[in-house]
Amino acid sequence: MTSLDCACSALQPIREPSGIEEFIRVRSVCPALQKVFVPEDIWPRFEAWHRRRPDSSLHRSILFLAAQRGCLARLTSPVHRFLLRGDEIHERISSQYRRDLQERWVLESDPTERHRRARIFLGRLAELLVAEWLDSQGWAVTGLEALGAASDIEATAPSEHASTSFEVKFIGEDDTCFDMLVRAVNGQPKGWCASPYDAANYPLYRAYEAARQLQRVSNARRIAVLVIDGLSWSNFDVQLLEGWIDWLSPSFHDTDSWRAFAATQGSKYPRSSKELAAALQSVDAVWVLRWDCRHVLSEEFVREFDRA
């Protein structure tokens, strides 16, 4: 079964207040939902959670909201395309990816922990969405880390034969912003001002992470892809589009909050400040894509590097 043959591709926006019954119907015949996103071992708790009144976070399943908005197929299509063989899960998909792509985050009782786990789920989704986006741009996707490739995505550009490796990093709402929104929707306004310098540092840091991971691959071309959630885009657009980041001679702005963040990352990348420029010089480009609420990716920023 392809995505075009599946009921998920024809689902119209769900108008009734809940819509869980229609979601149940589609899940019963969609292998992407039934075998990848919401398998049987979590389905009873997933369904029960959606029949309850939302708590203070107003969380709802990403898949369920997409069904209500009529855009569920944008999430299920890359699963049908890349991770299923007919109605069965691809035999090469790793156990870690299978677990990360299950929408288990909704089962957490604490809203903040739920939010953190949702970011992991969205990060895995982002890799699949970028793979399908590349395909729509004429690239031939030849490998996914989910299926054993050395990088998140391997693909060949139109009219080229050399393979390109992509590392995808998702940027969503941080915990502080999430807490502020929860307080606001519950009538408890909370003031908070994000550092504009940290907002320049963070995309740079995620590009550094991607560049470091791409150093393990031997493909001639390497591209770091940052996928920024639409709700978070306004936190970074000025810094990315108006030249706050010097990509050729990069450095992090020194702020108290950034030093605190860097301390939490020390064991992972203890030399990030010193290695930053060299790491970025090892990639051919940094792409920034925006991910909107209907799960459409749009290219917002591209920075090419000359590795010759």
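The text that follows walks through the structure, step by step, so that each part is easy to find. (Residues numbered from 1 in each chain as written. Predicted model: local features only at pLDDT ≥ 70, side-chain atom pairs only at ≥ 80, totals over all residues. Heavy atoms only, no water.)

1. Details of the packing of helix α5 (residues 73–83) against helix α7 (residues 111–136)
Axes are the key here: two packed helices are described by the angle between their axes and the distance separating the axes. The interhelical angle for the contact between α5 and α7, taken along N-to-C directions, is 80 degrees, at an axis separation of 9 Å. Judged by the angle between their axes, α5 and α7 are roughly perpendicular. Along its contact with α5, which presents R74, L75, S77, P78, V79, R81, F82 and L83, the element α7 presents L125, L128, L129, A131, E132 and D135. Of the residues in the contact of α5 with α7, the class split is nine nonpolar, one polar and four charged. (Axes fitted to C-alpha atoms, helices over the stretch in contact; angles between N-to-C directions. Helix = DSSP H or I, 4+ residues; strand = E, 2+ residues; numbered from the N terminus. Parallel < 35°, antiparallel > 145°, perpendicular 65-115°, else oblique. Contact = heavy atoms within 4.5 Å. Nonpolar A, V, L, I, M, F, W, Y, C, P; charged D, E, K, R; others polar.)

2. What about the pairing of strand β5 (residues 163–171)?
By the criterion of burial, β5 is predominantly enclosed, with nine of the nine residues buried. Alternating positions in β5 separate into two faces, S163, S165, E167, K169 and I171 on one and T164, F166, V168 and F170 on the other, with burial throughout. In terms of strand pairing, strand β4 (residues 153–156) meets β5 through four bridges, oriented antiparallel. Of the residues in β5, the one forming a bridge with E154 is S165. In this antiparallel pair of consecutive strands, β4 and β5, the connection spans six residues, and S159 shows a positive phi of 65 degrees. For β5 and strand β6 (residues 221–229), the ladder comprises eight bridges, and the chain directions are parallel. In the strand pairing of β6, F166 is matched with I223. (Buried < 20%, exposed > 50% of the residue type's maximum accessible area, 1.4 Å probe, protein only. Pairing = 2+ DSSP bridges.)

3. Observations concerning the pattern of salt bridges
Under the definition given, this model contains 22 salt bridges. Of the charged contacts in the structure, one is a salt bridge between R124 and D100, with a shortest N-O distance of 2.9 Å. Of the two residues, R124 is situated in helix α7 and D100 in helix α6 (residues 95–100); the sequence distance between them amounts to 24 residues. Judged by relative accessible area, which is 17%, R124 ranks as buried. Of the charged contacts, one joins E113 and R117 as a salt bridge, the two residues approaching to 3.0 Å between their closest N and O atoms. Of the two residues, E113 and R117 are both situated in helix α7; the distance of four residues between them amounts to about one turn of the helix. Look at R117 and you get partly exposed, because its relative accessible area is 39%. Through salt bridges with shared partners, one network takes in E108, E113, R116 and R117. (Salt bridge = Lys/Arg side-chain N within 4 Å of Asp/Glu carboxyl O.)

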